[in-house]
Amino acid sequence: MKKKVVSLLLAATMVAAMVTGCGNTDTPAASNNAADNTVADNAADNTGDVAADNASDAADAAADAAGGDLADKKVGVCIYQFSDNFMTLFRTELENYLISQGFSASNITIVDGANDQATQTGQIDNFIADQVDVLIINPVNSSSAETITDKVVEAGIPLVYINREPDEAEEQRWEDNGWDVTYVGCDARQSGTFQGEMIVDLGLDTVDLNGDGVIQYIMVEGDPENVDAQYRTEFSVKALEDAGLEVDCLSDQVGNWQQGEAQSIVANALGQFGEDIEVVFCNNDAMALGALQAIESAGRTVGEDIFLVGVDALSEALEDVLAGTMTGTVFNDHFSQSHSAADAAINFINGVGNDYYIGCDYVKVTQDNAQEILDMVK
Ligand code: BGC
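Conventions used here
Residues numbered from 1 in each chain as written. Predicted model: local features only at pLDDT ≥ 70, side-chain atom pairs only at ≥ 80, totals over all residues. Heavy atoms only, no water. Pairing = 2+ DSSP bridges. Helix = DSSP H or I, 4+ residues; strand = E, 2+ residues; numbered from the N terminus. Axes fitted to C-alpha atoms, helices over the stretch in contact; angles between N-to-C directions. Buried < 20%, exposed > 50% of the residue type's maximum accessible area, 1.4 Å probe, protein only. Right-handed = clockwise from strand over helix to strand, strands pointing away. pLDDT = per-residue confidence, 0-100. Contact = heavy atoms within 4.5 Å. Near = heavy atom within 4 Å. Polar contact = N/O pair within 3.5 Å; in protein donor to acceptor, adjacent residues only side chain to side chain. Areas by Shrake-Rupley, 256 points an atom, 1.4 Å probe, with all protein chains shown as cover. Nonpolar A, V, L, I, M, F, W, Y, C, P; charged D, E, K, R; others polar.

A. Examining the sheet that holds strand β7 (residues 214-221) more closely. With parallel pairing, 4 strands are arranged side by side in an open sheet as β8-β7-β9-β10. Two strands in the sheet have a free side with no partner beyond their single neighbour: β8 (246-254) and β10 (307-309). Here the strands of the sheet are splayed against their neighbours by 20 degrees on average, with no regard to which way each runs. The pairing of strand β9 (residues 279-282) with β10 spans 3 bridges and is parallel. When the bridges of β10 are listed, Val 279 appears paired with Phe 307.

B. Spatial organisation of the pairing of strand β2 (residues 75-79). Taking burial as the measure, the 5 residues of β2 include 5 buried ones, the bulk of the element. Burial of β2 is two-sided: the residues Val 75, Val 77 and Ile 79 facing one way and the residues Gly 76 and Cys 78 facing the other way are all buried. For β2 and strand β3 (residues 108-112), the ladder comprises 5 bridges, and the chain directions are parallel. Counted as the bridge partner of Cys 78 is Val 111 from β3. Note on the crossover from β2 through helix α4 (residues 85-100) to β3: the handedness is right-handed. Judged from the 4 bridges that link them, β2 and strand β4 (residues 134-137) form a sheet pairing that is parallel. Bridge pairing links Cys 78 to Ile 137 in β4.

C. The arrangement of the confidence of the model for the chain in detail. Mean pLDDT over the chain: 88, with 82% of residues reaching 70 or higher. This model gives residues 1-19 a pLDDT under 50, and the stretch forms 62 contacts once residues within four places in sequence are excluded. Confidence drops under pLDDT 50 across residues 24-54; counting only partners more than four residues distant or on other chains, this segment forms 59 contacts.

D. A look at the site of the ligand. As a matter of local geometry, the ligand sits amid Tyr 80, Asp 84, Phe 86, Asn 163, Arg 164, Asn 226, Asp 228, Arg 232, Trp 257, Asn 284, Asp 312 and Asn 332. Between the ligand and the protein, one listed contact pairs an oxygen atom with a side-chain N or O atom of Arg 164 at 2.8 Å. Here Asp 228 contributes a side-chain N or O atom positioned 2.6 Å from an oxygen atom of the ligand. Protein contact buries 99% of the 310 Å² of open area that the ligand shows by itself. Its residues assigned to classes, the shell around the ligand comprises 3 nonpolar, 4 polar and 5 charged.

Following this line, the structure appears as structure tokens:
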């Protein structure tokens, strides 16, 4: 059963890149409430608030009941790559929150998978040998989840996956076997839909700069193995089509979530397609920041002769949204996700158990609410 978690903050208020080709893949329709546009709307729309609050309360109560015991518990955290901007925000918040809940800093070990599954698998083996009490894993490859789950479950260690969602069959296995394994994250279809809607909301007359009745765009994708990249790519464009707009994909390339790669991809695309490009979709803000560098170097102006959207709400991107140099972004709530992951870990340690999927909402960010989000993330 899926559980929607209230956002903690919101409730309180090639050239080297591989060319993937344009076009959609067949995936199930997003079941999101994509109409939400403001922080207030989102806060008001947390239909799972009660369940989420209960889960969080359960973790609090369990932590209280455990008294100082959490201080003796060992937590192993595997991050797919430390150099990822978003995962840096995530892991910093996760560590702080674990400490605030009673874990001792010296018992929290966070390791860098350096974007290499073999490295990460070795780190997981070390954590198992060290007999940690719980593992929180951001897998390098989601497709390795089955192997990871098997060895961690066999070692009798509860497991919380974060950020990179294993596939449905894998999640079903946890439920079928009653294992202490869960996933905490947001539904990336919602973030893609929000990106598309921000472009739709500008209106065809504004976005269709060459007046041909078609929206010409380029797509810069994250790691194609990652479901976040797949869904954002698909659902951003789908939102345009669902609004009745005709679209034309001029270029779709993989920037691996990296600013530098995106900068060269967009620089080349601008060189090749020039003024034909009306919209630049980036699967995350790091790549949108790279795209912006390329756009400015090419003498183009966001909001006037090109439009640019990202995802994450990095503070630098929020500054750009406020300045009008980015059209919009989508808040990927690392506070809510890291706190829920820690709460789930505490529940497992205390034998309380968790749902097999713990979700959270994205928030659409335009000039209207960028300051509000910036105040939260800064
Ligand atoms: C974020 C990206 C990040 C990726 C890592 C995504 O949810 O939007 O910025 O690189 O997670 O897996």
